[in-house]
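# Structure at a glance
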Amino acid sequence: MSAPSTTRASRIPTWAKSFGPQIVAGLILGVVLGLIARSMPDAADGNENWLVGTVATIGSSYVKLLTVAVVPLVFTAIVSSIANLRQVANAARLAVQTLLWFAITAFIAVIIGIVIGLVAQPGSRTGVEATSAKDPSSVGSWWSFLTGLVPNNFFALGSKTSVTTEAAGDGIASTATTSLSFNILQLLVIAVAIGIAALKIGEKAEPFLNFNASLLAIVQKVLWWIIRLAPIGTAALIANAVATYGWDAIGSLGVFTVAIYVGLAIVFFVVYPVIVRAHGLSVRQFFSGVWPATQLGFVSRSSIGTLPLTERVTERNLGVPREYASFAVPLGATTKMDGCAAIYPAIAAIFVAQFYGVSLTFTDYLLIVVVSVIGSAATAGTTGATVMLTLTLSTLGLPLAGVGLLLAVEPIVDMGRTAVNVTGQALVPAIVAKREGILDEARYNSPRNGDPFSDDDVTPPTDRQPQLSP
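Predicted model, so just to flag it, every value in this text is computed and none were measured.

In this section: the overall build of the protein chain. Helices and strands together make up the secondary structure of the protein chain, namely 17 helices and two strands. Partitioning the intrachain contacts of the protein chain with sequence separation of at least 6 by distance along the chain shows that 83% fall at a separation of at least 24.

So, about the packing of helix α9 (residues 283-300) against helix α10 (residues 303-316). Their axes nearest at 8 Å, the elements α9 and α10 cross at an angle of 170°. By the angle between their axes, α9 is roughly antiparallel relative to α10. Along its contact with α9, which presents Gly-289, Val-290, Pro-292, Ala-293, Leu-296, Gly-297 and Ser-300, the element α10 presents Thr-306, Leu-309, Thr-310 and Val-313. Its residues assigned to classes, the contact of α9 with α10 shows six nonpolar, five polar and no charged.

What follows covers the packing of aromatic side chains. Applying the stated criterion across every chain yields a total of eight aromatic pairs. Plain terms: the ring middles of Phe-286 and Phe-287 are 5.3 Å apart, the flat faces sit at 65° to each other, and that makes the pair edge-to-face. Phe-287 matches Phe-286 in its accessibility class, with the two residues each being buried. In this structure, Arg-417 is placed above the aromatic ring of Tyr-344, and the distance from its NZ or CZ to the ring centre is 4.3 Å.

Of the residues in the protein chain, 74% have a pLDDT of 70 or more, and the chain-wide mean is 79. Here helix α17 (residues 461-464) stands out as the element of the protein chain with the lowest mean pLDDT, 40, in contrast to helix α8 (residues 254-278), whose mean of 95 is the highest. Scored below 50 in pLDDT, residues 455-470 makes 35 contacts in the model with residues more than four places away or belonging to other chains.

Definitions and cut-offs
Residues numbered from 1 in each chain as written. Predicted model: local features only at pLDDT ≥ 70, side-chain atom pairs only at ≥ 80, totals over all residues. Heavy atoms only, no water. Helix = DSSP H or I, 4+ residues; strand = E, 2+ residues; numbered from the N terminus. Contact = heavy atoms within 4.5 Å. Axes fitted to C-alpha atoms, helices over the stretch in contact; angles between N-to-C directions. Parallel < 35°, antiparallel > 145°, perpendicular 65-115°, else oblique. Nonpolar A, V, L, I, M, F, W, Y, C, P; charged D, E, K, R; others polar. Phe/Tyr/Trp six-rings, centres within 6.5 Å; stacked < 30°, edge-to-face > 60°. Buried < 20%, exposed > 50% of the residue type's maximum accessible area, 1.4 Å probe, protein only. Lys NZ or Arg CZ within 6 Å of the ring centre and 35° of its normal. pLDDT = per-residue confidence, 0-100.

What follows is the structure in structure tokens.
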């Protein structure tokens, strides 16, 4: 008699093992934890309670992990994409088409923002006080954008030192804190220059390009491990948002907040589907494909932090060739911001004008459109929406202190803005690939397994995706 089998079927449903449902579960758990943390009393010393501190630490740590992985990913992916495009005659046309569609979608989004601002009149229906206004800590300008294109150093690394003072005994003690950050737009410039130089050198650069390709594969594997932690990061980030802001922050800025989300919803649920459908693609497949990145963008509030996942779903789910996606998605993460650079500054500028009793002319609205369409790149590597708003206000001659009026709801509206940004960053490469005849429509229309980083997909991209034809 044979021994009974000790293998038992897994009791965990298949859908529960998928990435998408895990993210949803993280969202639900985060809301519950946030409500619990918000109901708990503060610590005895007046600081936040232990649960708020815990979810804040876990959430910020996860965003840091994502951001750390972005720098090697962007550099190696851009260099590899340029190397893979060396035999392609239509590479320049792809770049032009990408920038053109960035501008088209931004134009549509800013028009929607202006219309909503005029209809909702958010600046005339608010309870905020003028005394709450203060000058922004960072300001955008066209000159800063142009000079920012020039790398400060080979690593596109910048530093910022802040000094705090506090009473200490009989005197005052000063503490200096220095933080380092990467300018992603500068990193793009460096990577493009090195990639083109490697092509010009030819055979002598082959060892470098092979090393870069190997490094890219390693970085992507590390990213897979980080992305697998997304459900935990999602729960912590949402819990921290609910516990910290709740609904109290909306308060007197309720009309403004609702106006922003209405504009974002129109772009997300109307404009994007119309564009997708107009190109003969399934709207349902697009949203099911991009949804993991949209969710992570919503909770992380960072297009750069979400970049690894955005690029992966663009390749794996939407069928965009890796050679093109590795160029278009990082570019979009720094310059393609329909939420932060179109909807938000349009409505916010109208809010500030109405609040201070300034009448905007047709020329002013035209300037809002121009700034939104071509100015979003000026926010690259910075706090996008704030810098973009200051750029818009300074162009219109409106008080920059108006930015301070909106700080109370900044984190709340930023979640929706980033989700729309990330979705648009995947949309444009898919549309351009479709228009150029290089989209893998079989992959686009294939059933989703819920896991954009599935290790099952080990087929080289040259075997599973159509090549860019000369």
